[in-house]
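Working through the structure, step by step
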Amino acid sequence: DSLSKRSWPTLLSSRSERTDVARPVNPRRVLFIAASRTMWREVATEMSASGLEPTVWLGDWRNYAFGKKNFPDCTVLGLKEVQATISPFTVTLVPDAEFVTRREFIQLKAQAMKLMDRQDETRSFGRLERDAHFYSIVTRLYSLIVERQIEVVIAAEAPHHVAQLIAFRLCEMLGIPTYHLVNNTYVPLVHVARSIVGDPIPAVGAPDVTDLANRVSAEFAKYENGIPTPLYMANQARHDRSWSFLRWASKYWKNVAIQRVRAALGRPEKFRDDVQIRSRFPFASNERRLSMPFVVERIRRNLEREYPRHAITLNPADADLPPFVYFPMPFEPERTSLPDGGDFYEAMDALLALRSYLPDDVAIFVKEHPTQFSRMLPGYKARSQLLYSVISVMPNTTLVSLSVPSSALIEHAQFTCAITGTAALESALIGKQGVVFGTPWFARLPGITLFADIPPFGELVGRPAETLSSITAAAIDEIGRVAIPGIISVEQFTYFKQKFGTDLPSLVDDAVTVKSVVATIRADLDRR
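Below you will find a few notes about this structure. Every chain's residues receive numbers from 1 upward, in the order its sequence appears when written. This being a predicted model, a pLDDT of at least 70 is required before a residue's local features are given, and a value of 80 or more before pairs of side-chain atoms are given or counted; all residues contribute to the totals for chains, interfaces and linings. Note that the side-chain values use all heavy atoms of the structure and ignore hydrogens as well as water.

Considering the overall build of the protein
Spelled out, the test is: In this description a helix means any DSSP run of H or I spanning at least four residues, a strand means any run of E spanning at least two, and both kinds are numbered starting from the N terminus. The quantity called the radius of gyration is restricted to C-alpha atoms. Its globule counterpart is 2.2 Å times the number of residues to the power 0.38. Exposure is judged per residue with a 1.4 Å probe applied to protein chains only, and the accessible area is read against the type maximum: over 50% gives exposed, under 20% gives buried, and values in between give partly exposed. Note on contacts: a residue pair qualifies if any of its non-hydrogen atoms lie within 4.5 Å across the two residues. In this charge count, Lys and Arg are treated as positive and Asp and Glu as negative; neither His nor the chain ends contribute. Lysine's charge is taken at NZ, arginine's at CZ, aspartate's at CG and glutamate's at CD.
Within the protein, the regular secondary structure consists of 20 helices and 13 strands. Against the globule reference of 24 Å for 528 residues, the protein gives a C-alpha radius of gyration of 24 Å, in line with a compact fold. A principal-axis box enclosing the C-alpha atoms of the protein has dimensions of 75 × 55 × 50 Å. In the protein, which comprises 528 residues, the share counted as buried stands at 54%. Pairs at least 24 residues apart make up 75% of the contacts formed inside the protein by residues separated by at least 6 positions. Computing the positive centroid from 62 side-chain charges and the negative centroid from 58, the protein places the two 8 Å apart.

Some remarks on the pattern of salt bridges
Which entries qualify depends on this criterion: The salt bridge definition used is simple: a Lys or Arg side-chain nitrogen within 4 Å of an Asp or Glu carboxyl oxygen.
What the rule picks out here adds up to 35 salt bridges. Here E98 and R102 are joined by a salt bridge, their closest N and O atoms 3.9 Å apart. Residues participating in the shared-partner salt-bridge network are K114, E332, E346, E368 and R383.

Thoughts on unusual backbone geometry
E332 connects to P333 through a cis peptide bond whose omega is 0°. Examined against the element boundaries, P333 turns out to sit in the loop between strand 7 (324–328) and helix 12 (347–357). In the segment running from L338 into P339, the intervening peptide bond is cis, with an omega of 20°. Of note, P339 is situated in the loop between strand 7 and helix 12. One non-glycine residue, R123, adopts positive backbone phi at about 55°. The topology assignment puts R123 in the loop between helix 5 (103–115) and helix 6 (127–147). In the Ramachandran plot, Q149 falls in the positive-phi region, its phi being about 55° despite a non-glycine side chain. Checked against the element boundaries, Q149 lands in the loop between helix 6 and strand 4 (152–157).

Looking at the packing of helix 6 against helix 7 (residues 162–173)
Axis angle and axis distance: for two packed helices, these are the angle between their axes and the distance between the axes, and together they describe the pair. Put simply, the test is: The angle between two axes is taken between their N-to-C directions and runs from 0 to 180 degrees, where each axis is a line fitted to C-alpha atoms and a helix contributes only its stretch in contact. Orientation labels follow simple angle bins: below 35 degrees gives roughly parallel, above 145 gives roughly antiparallel, 65 to 115 gives roughly perpendicular, and whatever is left gives oblique. We call a crossing left-handed when the near helix sits turned anticlockwise from the far one by less than a right angle, and right-handed when that turn is clockwise. Polarity classes work like this: nonpolar for Ala, Val, Leu, Ile, Met, Phe, Trp, Tyr, Cys and Pro, charged for Asp, Glu, Lys and Arg, and polar for all others, with Gly in that last group.
For the pair helix 6 and helix 7, interaxial distance at closest approach is 10 Å and the crossing angle is 50°. What the angle tells us is that helix 6 and helix 7 run oblique. Crossing hand, helix 6 versus helix 7: right-handed. For the pair helix 6 and helix 7, the contacting residues are F134, I137, V138, L141, Y142 and I145 in the first and V162, A163, I166, A167, L170 and C171 in the second. The residue makeup of the contact of helix 6 with helix 7, split by class, is 12 nonpolar, no polar and no charged.

Here we look at the sheet that holds strand 1 (residues 28–33)
To be explicit about the condition: In this scheme, strands are said to pair when DSSP sees at least two bridges between them.
Spatial ordering of the open sheet is given by 3-2-1-4-5-6-13, a layout of seven strands whose pairing is mixed. Sheet topology places strand 3 (75–76) and strand 13 (484–485) at the edges, where each strand pairs with a single neighbour. Pairing of strand 1 with strand 2 (residues 52–57) involves five bridges; the strand directions are parallel. Paired with R28 across the bridge in strand 2 is L52. Against the sheet, helix 1 (residues 39–49) engages strand 1, strand 2, strand 4 and strand 5 (178–183), with an angle of about 130° to strand 2.

Digging into the nonpolar core
Note the cut-off: In this description, a nonpolar core means a group of buried Ala, Val, Leu, Ile, Met, Phe, Trp, Tyr and Cys residues linked to one another through side-chain atoms lying within 4.5 Å.
In terms of nonpolar packing, the biggest core is built from 74 residues, with F32, W40, W57, L141 and I166 touching the most fellow members. The element that contributes the greatest number of residues to this core is helix 7, accounting for nine residues. Look past the residues within four positions of F32 in its chain and what remains in contact with it is W40, V43, A44, M47, V56, W57, L58, G59 and I154. Listed in part, the 46 residues of the second largest apolar core include V187, L212, Y223 and W441.

Considerations on the packing of helix 10 (residues 245–264) against helix 11 (residues 292–310)
Contact pair helix 10 / helix 11: the axes reach a minimum separation of 10 Å and the direction vectors enclose 140°. For the element pair helix 10 / helix 11, the angle class is oblique. Handedness of the crossing formed by helix 10 with helix 11: right-handed. Contact residues: helix 10 offers F245, W248, A249, Y252 and W253, while helix 11 offers M292, P293, F294, V296, E297 and R300. Of the residues assigned to the contact of helix 10 with helix 11, the class counts are nine nonpolar, no polar and two charged.

The structure is reproduced here in structure tokens:
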């Protein structure tokens with residue numbers, strides 16, 4: 001169902017020659033989705049020099065000015081103008097009946113509706129308004145993709161803003177090749193993948209990654225003495241211990257006051273994408289509400305108070321417990337479940353599939369992600385307190401108290417099943433089986449099984465345990481084949497800077513990352 005090049009309409013805007021970069025004669029037109037680091041500006045320049053010309057730019061707001069200045073023929077779109085308002089632009093092309101009735105399009109709509117949770121600051125963004133926003137984005141981007149004759153999609157990471165995901169998926173449905181990066185959760189390494197749930201592409205032009213591979217080996221070695229606490233979890237716990245409602249609310253109200261004063265003086269703040277939807281009605285003011293901190297805190301407290309009413313405390317080592325599988329709930333809203341989970345981007349879909357797969361006498365112990373209640377992140381946006389009631393009445397399925405260590409649940413479970421979470425890898429590293437629904441960077445390591453390929457229960461749990469050395473050797477081999485030193489986003493850079501300190505500059509060179517990422521994509525396109 002790919003569109004042939006002959007079916008693309010004539011470009012509506014002329015393309016003037018660039019003078020700052022020696023551009024190939026017939027460049028491929030790229031839909032570019034950049035992340036927050038300035039490195040992605042260099043990626044755009046390197047792409048152009050290698051025959052991959054940014055033609056539509058739908059990336060992080062920090063790089064918009066660069067895109068507009070250096071690629072004047074490129075349509076640079078801000079997320080705010082695309083997904084926080086109804087588009088006023090006239091649409092010239094729309095998808096046909098076959099397109100909108102395909103399974104992929106129906107799933108895209110469901111995914112987009114769920115991703116809009118990220119925008120819903122106080123649960124005011126109703127279904128009817130979301131529906132209108134979805135079709136506004138679809139019609140505008142579909143028309144633009146076809147008009148600008150997009151031939152390749154290059155995304156910094158799996159798209160997890162609504163407009164970016166819609167653009168990415170529309171291109172997939174049109175048969176346009178897509179590429180994005182997948183990050184390693186332990187060290188600053190990335191690999192290039194063709195699709196969101198897919199295999200990595202062999203790296204081209206990457207430097208020696210021995211040092212980083214050895215650091216992965218050192219991280220794995222820590223599991224010889226049990227399951228360590230991840231640094232990000234320690235950071236969140238420390239933040240929550242010091243969190244104060246008054247301090248957080250005061251900062252919010254201060255920002256509201258500054259913005260209103262600047263607006264009254266005719267000096268609006270420096271451009272930044274604010275895609276939050278704060279109004280229940282489509283034509284009401286969408287300004288920040290003074291009541292917002294109270295509304296958010298009420299939602300958060302309702303969520304964290306409801307969970308203990310359904311969760312039980314138990315000892316995973318108790319011999320009287322039935323055999324069980326551990327299912328850690330993913331933190332949401334986050335890229336690691338949507339879109340990284342593929343068809344199982346909904347945690348409940350994954351849980352239902354797991355329950356149906358398991359024998360009736362094998363229990364599932366479900367534990368909420370502690371981050372869902374953290375004041376450091378907006379978990380209140382993506383989980384209803386009612387969901388705990390739904391899970392609690394499922395057959396042989398039990399919610400477990402947050403006081404029960406995840407490490408103990410992993411150690412005593414028949415296996416651990418996650419959407420893309422590292423709990424599955426941790427299970428494999430201590431000699432158990434791990435099952436994943438998506439394809440995280442470790443999905444192909446020994447001891448990890450894709451749910452799509454899962455064998456009968458008895459066969460899976462009867463498999464001999466993989467050794468730590470065999471998993472480490474496979475990881476080092478995989479890293480040597482596909483990995484590129486690199487850091488995708490500002491948030492990841494901050495995390496790795498804390499973790500590796502002064503060693504970080506010796507581990508990652510952005511200039512090398514840029515050239516290797518573009519060379520890898522270019523080589524794969526040439527092989528197609």
